[in-house]
Amino acid sequence: MYALNPQQTESYLRHLDIPAPQQPDLASLDRLIAAHQRRVAFENVDVLLDRAVHIDADAVFAKVVERQRGGYCYELNNLFARLLLALGYQLELLGGRVRWGLPLDAPQTMLSHLMLRVLLPEGPYLADVGFGSATPWRAVPLVGEMPDDLPYRLRPQEDGTGEVQLENFRTESGWAACYRFGPEVNAWVDCIPRNWYTSTHPNSVFRQMLMTARSEGEWRLTLANGTFNKRHRDGRVESRRIEDAAELVEVLRNDFLLNLTDDEIEPLRQRLDGLLNG
């Protein structure tokens, strides 16, 4: 993995509407994470349209910055990592096992998520701009106390493997698991087959439903097929149901800021109509 070049870095920051940080510190990292989640949506439209998802640096840059689209973890955390490297940060890649939507005692899941361990003077921090509905809106400390205003926690696993589980306080009834990860540094080359599975395998959830998310201030918009939610940081959720595929396309364009081209709109409408009525 290598850094973006200066021209790409400048364009990326302009797309995020944020100035280049003066130094690679925690405060700047938090601002970059927040700006990214406001401007760039988590989304799987290309997968639903049976389009190949390329994760080399130039392809992801062209999609996210030049075409003004979003993506999932192997695109977004990939591009964000290259931006951080260009800005002077030191980081490592981590692989995660997604637990969102599963009981805490559910069987182990496969390595299918990419996130970043950013090495700062204060210690290592988890940075993630590509998880979806429960993406932390700022860096999460991997050692020491969790900030009181950040409703996440790290829970060590009982099997002694070194895995921890990132959890999000989603409701008054308890914590919801996000993903598990260990201390092992992942090589970038390992992401290539994982991305291939995520984008092409019929059992991949990305091929079975529309999933999008974007932050705006104190809340996060999410769309799962026709379920459109506004998720507040304290766990409250406002929800409405969208039954019309054409309206879903407009929500993707207006609320999730996806720059969909004319030749994408009709195939996407047909695909979404099948998901809503299938």
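Residues numbered from 1 in each chain as written. Predicted model: local features only at pLDDT ≥ 70, side-chain atom pairs only at ≥ 80, totals over all residues. Heavy atoms only, no water.

A.B. asks: If you had to explain the overall build of the chain to someone new, which residues and values would you point to?
C.D. replies: Assigned secondary structure in the chain consists of 8 helices and 12 strands. Taking 278 residues into account, the globule formula puts the C-alpha radius of gyration at 19 Å, and the chain, at 18 Å, falls close to it. Projecting the C-alpha coordinates of the chain onto the three principal axes gives extents of approximately 50 × 45 × 35 Å. Evaluated residue by residue, the chain yields a buried proportion of 52% over its 278 residues. The long-range share in the chain, meaning contacts at least 24 apart out of those at least 6 apart in sequence, stands at 57%. Positive and negative side-chain charges in the chain, numbering 30 and 39 respectively, have mean positions lying 2 Å apart. (Helix = DSSP H or I, 4+ residues; strand = E, 2+ residues; numbered from the N terminus. Rg over C-alpha atoms; globule rule 2.2 N^0.38 Å. Buried < 20%, exposed > 50% of the residue type's maximum accessible area, 1.4 Å probe, protein only. Contact = heavy atoms within 4.5 Å. Lys, Arg positive; Asp, Glu negative; His and termini not counted. Charge placed at Lys NZ, Arg CZ, Asp CG, Glu CD.)

A.B. asks: Residue-level account of the side chain of S133, with values.
C.D. replies: Note on placement: S133 falls in the loop between β4 (123–127) and β5 (140–141). Among the residues examined, S133 registers a relative accessible area of 17% and is labelled buried. Among the polar contacts listed, one links the side chain of S133 to the side chain of W100, at a separation of 3.1 Å. Ignoring sequence-local partners within four residues, the contact set of S133 consists of W100, A213, R220, T222 and R231. (Polar contact = N/O pair within 3.5 Å; in protein donor to acceptor, adjacent residues only side chain to side chain.)

A.B. asks: Before we move on, could you go through the pattern of salt bridges and cite the residues and values that matter?
C.D. replies: Where charged atoms of side chains with opposite charge meet at close range, the side chains can pair. Tallied over the full model, the rule gives 16 salt bridges. The salt bridge partner of R207 is D50, with a shortest N-O separation of 2.6 Å. Of this pair, R207 sits in the loop between α6 (191–200) and β9 (211–216) while D50 sits in the loop between α3 (45–48) and α4 (57–66); the two residues are 157 residues apart in sequence, bridging distant segments of the chain. A relative accessible area of 24% means that R207 is categorised as partly exposed. When its relative accessible area of 58% is taken as the criterion, D50 is described as exposed. Here E243 and R241 are joined by a salt bridge, their closest N and O atoms 3.4 Å apart. The exposure class assigned to R241 is partly exposed, which follows from its relative accessible area of 44%. Taken together, the salt bridges that share partners define one network made up of E43, D46, R51, K63, R67, R69, E75 and E264. (Salt bridge = Lys/Arg side-chain N within 4 Å of Asp/Glu carboxyl O.)

A.B. asks: Break down empty space enclosed by the protein for me, citing the residues and quoting the values.
C.D. replies: This structure, assessed with the given rule, holds 3 cavities of 30 Å³ or more. As a volume, the largest cavity reaches approximately 160 Å³. W137, R220, R231, H232 and R233 are the residues nearest the centre of the largest cavity, which is lined by 17 residues in total. When contributions to the lining of the largest cavity are tallied by element, the ones reaching two or more residues are β7 (164–171), β10 (219–224) and β11 (227–232). Split by residue class, the lining of the largest cavity holds 6 nonpolar, 7 polar and 4 charged. (1 Å grid on protein atoms, 1.4 Å probe; cavity = no way out; pocket = protein on both sides within 12 Å on 5 of 7 lines; lining within 4 Å. Points joined across faces, edges and corners; volume = space filled by probe spheres on them. Nonpolar A, V, L, I, M, F, W, Y, C, P; charged D, E, K, R; others polar.)

A.B. asks: Before we move on, could you go through the nonpolar core and cite the residues and values that matter?
C.D. replies: Core analysis: the largest hydrophobic core is formed by 45 residues, its most contacted members being Y12, L29, L32, F80, L83, L84 and V118. At 8 residues, helix α5 (residues 73–86) tops the list of elements feeding residues into this core. Contact partners of L29, with chain neighbours within four places excluded, come to F80, L84, Y89, V118, L120 and A139. Residues L48, L49, L258 and L272 belong to the second largest nonpolar core, which totals 22 residues. (Core = buried A, V, L, I, M, F, W, Y, C linked by side-chain atoms within 4.5 Å.)

A.B. asks: Account for the packing of helix α1 (residues 6–16) against α4, naming residues and giving values.
C.D. replies: Contact pair α1 / α4: the axes reach a minimum separation of 11 Å and the direction vectors enclose 30°. Looking at the two axes, α1 sits roughly parallel to α4. Crossing hand, α1 versus α4: left-handed. Residue-level inspection shows Q8, S11, Y12 and H15 of α1 in contact with α4, the latter providing D58, F61, V64 and V65. Among the residues forming the contact of α1 with α4, the class breakdown is 4 nonpolar, 3 polar and 1 charged. (Axes fitted to C-alpha atoms, helices over the stretch in contact; angles between N-to-C directions. Parallel < 35°, antiparallel > 145°, perpendicular 65-115°, else oblique. Left-handed = near helix turned anticlockwise from the far one by under 90°.)

A.B. asks: Break down the sheet that holds strand β1 (residues 42–43) for me, with residues and values.
C.D. replies: Pairing in this open sheet of 5 strands is antiparallel, and the strands run β1-β9-β10-β11-β12 from one edge to the other. Where the open sheet ends on each side, the last strands, each with one partner, are β1 and β12 (237–241). (Pairing = 2+ DSSP bridges.)

A.B. asks: Outline the environment of H232, listing residues and values.
C.D. replies: Take H232: it is sitting in strand β11. The class for H232 is buried, based on a relative accessible area of 14%. Sequence separation between H232 and S215 is 17 residues; the distance between their C-alpha atoms is 9.9 Å. For H232, the contacting residues outside a window of four places in its chain are E218, W219 and E238. For H232, the side chain forms a polar contact with the side chain of E238, separated by 2.7 Å.

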